[in-house]
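One-letter residues, chain by chain:
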Amino acid sequence: MNESFKIISSEYITSSASGKNIEIEEFRQIVFTGKSNVGKSSLINSLLNRKNLAKTGNTPGKTRLINFFLVNSSFYFVDLPGYGYAAVSKTEKQKWKNMIEVFFRNTKSVKLAFSILDIRHPPTENDFSLIRMFESLKIPQIIILNKKDKLSNNELFVQMKLFKKIFSEFETIFDFVPYSSVNHFNREKVLDYLDKAVNEEIT
Ligand SMILES: Nc1nc2c(ncn2[C@@H]2O[C@H](COP(=O)(O)OP(=O)(O)OP(=O)(O)O)[C@@H](O)[C@H]2O)c(=O)[nH]1
Ligand SMILES: [Mg+2]
């Protein structure tokens, strides 16, 4: 049987407000994106088996910087700030867009994107634009359908079918994985993808 991928260490390294990340360019990066409050930081903590390494909370917009976490001393988890929370001004939204653009313009190290959606809700226009951006940059992505614990098995079945249909045109999407950061449902499966991505087996 396959040994599952082990998380040995994880540590917060730095944050970026501008999107620049040149100093860590030599390491591979795995990015986490999704709208505010969808559970990006919770997913990072769940995968790393840490309680509050990435700060989580009930107030949307908790993560406003790009945060870098070094994992197993060999690759980075990049927690990108969420988008689409109502309480934010136009200028703030423009700042977010610029930050994301600068980040992806300045890095060639992103090996995989976890595009996180709430399994209960259809994707928003903002979700689509990011997923489309990964498609145009040819960055492999996995759609994480988070908060799976909120659904019954029947509802899960219906939602999975729906998401697969909505995104059927996308060639960079590898898989759709229902997830729960509450009970760590599918953690091993996601770690397996991570393993492949950092070893360049996903292209
Ligand atoms: N039931 C349930 N709640 C979750 C899950 N994942 C996250 N949450 C909750 O959702 C809220 C937001 O989680 P965060 O991880 O802070 O979300 P985020 O996407 O990082 O949010 P921003 O940093 O604001 O963009 C918190 O109250 C979490 O406890 C999940 O799988 N199931
Ligand atoms: Mg966050």
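The structure we're discussing is the one just above.
The rules we used
Within each chain, residue numbers correspond to sequence positions counted from 1 in written order. Key to labels: chains lettered from A, ligands numbered from 1, both in the order written. Under the rules for a predicted model, residues below a pLDDT of 70 receive no local features and side-chain atom pairs below 80 are neither given nor counted, while totals for whole chains, interfaces and linings still include all residues. Each helix is a run of DSSP H or I of at least 4 residues and each strand a run of E of at least 2, with the numbering of both proceeding from the N terminus. Atoms considered for the radius of gyration are the C-alpha atoms alone. The globule rule reads 2.2 Å times the number of residues to the power 0.38. Our exposure labels follow a C-beta count within 10 Å of each residue's own C-beta, placed from the backbone: buried means 20 or more other C-beta atoms, exposed means 12 or fewer, and partly exposed covers the counts in between. Here contacts are defined at the residue level, using C-beta atoms placed from the backbone and a cut-off of 7 Å between them. Nonpolar core, as used here: buried Ala, Val, Leu, Ile, Met, Phe, Trp, Tyr and Cys residues forming one set through C-beta atoms within 7 Å. One bridge is not enough; two strands pair if DSSP finds at least two bridges between them. Orient the strands so they point away from the viewer, and a crossover whose first-strand-to-second-strand path over the helix runs clockwise is right-handed. Simply put, an axis is a line fit to the C-alpha atoms, just over the touching stretch for a helix, and the angle between two N-to-C directions goes from 0 to 180 degrees.

> So what's going on with the overall build of the protein chain? Residues and values would help.
If you tally the helices and strands in the protein chain, you get 5 helices and 7 strands. Seen in sequence order, the protein chain has helices and strands lined up from the N terminus as β-β-α-β-β-α-β-α-β-α-β-α. Expected size for 203 residues packed as a compact globule is a radius of gyration near 17 Å; at 16 Å, the protein chain falls within 12% of this value. With respect to the three principal axes, the spread of C-alpha positions in the protein chain is 45 × 45 × 35 Å. Residues counted as buried form 36% of the 203 residues belonging to the protein chain. In the protein chain, the proportion of contacts linking residues at least 24 apart, taken out of those at least 6 apart, comes to 75%.

> Tell me about the nonpolar core, and name the residues and values.
By size, the foremost hydrophobic cluster in this structure holds 44 residues, and its most contacted members are Ile-30, Phe-32 and Val-78. A per-element tally of this core places strand β5 (residues 110-118) first, with 6 residues. Leaving out residues up to four positions away in the same chain, Phe-32 has contacts with Lys-40, Leu-43, Ile-44, Phe-77, Val-78, Asp-79, Leu-80, Phe-114 and Ile-116.

> So, the pairing of strand β7 (residues 173-178): which residues are in play, and what are the values?
One ladder, built from 5 bridges, connects strand β6 (residues 141-146) with β7; its direction is parallel. Across the sheet, the residue bridging to Ile-143 is Phe-176, located in β7. Handedness of the crossover is the feature at issue here: the chain leaves β6, passes through helix α4 (residues 153-166), returns alongside β7, and the resulting connection is right-handed.

> Lay out the pairing of β6 in plain terms, naming residues and giving numbers.
Burial of β6 is extensive: 6 of the 6 residues sit out of reach of the surface. Pairing of β5 with β6, which is carried by 6 bridges, proceeds in the parallel orientation. Directly across from Asp-118, in β6, lies its bridge partner Asn-146.

> Could you give an account of unusual backbone geometry, with specific residues and numbers?
In the Ramachandran plot, Asn-37 falls in the positive-phi region, its phi being about 80° despite a non-glycine side chain. Structurally, Asn-37 is set in the loop between β2 (28-34) and α1 (40-48). Residue Asn-37 is classed as partly exposed on the basis of its C-beta count, with 19 C-beta atoms lying within 10 Å. Of note, the phi angle at Ser-73 is positive, near 50°, even though the residue is not glycine. Structurally, the position occupied by Ser-73 is in the loop between β3 (66-71) and β4 (75-79).

> Describe the sheet that holds β6, naming the residues involved and giving the relevant values.
One open sheet accounts for 7 strands, arranged β1-β3-β4-β2-β5-β6-β7; its pairing is mixed. One side of each edge strand has no neighbouring strand; the edge strands of this open sheet are β1 (10-16) and β7. The mean angle between the axes of side-by-side strands here comes to 20°, regardless of whether they run parallel or antiparallel. Of the pairings in the sheet, the one linking β3 to β4 comprises 5 bridges and is antiparallel in character. In the strand pairing of β4, Phe-68 is matched with Val-78. On top of the sheet, α4 reaches β6 and β7; it is set at about 160° to β7, its chief contact.

> Can you explain the environment of Thr-14? Please cite residues and give values.
On the secondary structure map, Thr-14 appears in strand β1. Sequence spacing of Thr-14 and Ile-66 is 52 residues, and the spatial spacing of their C-alpha atoms is 8.4 Å.

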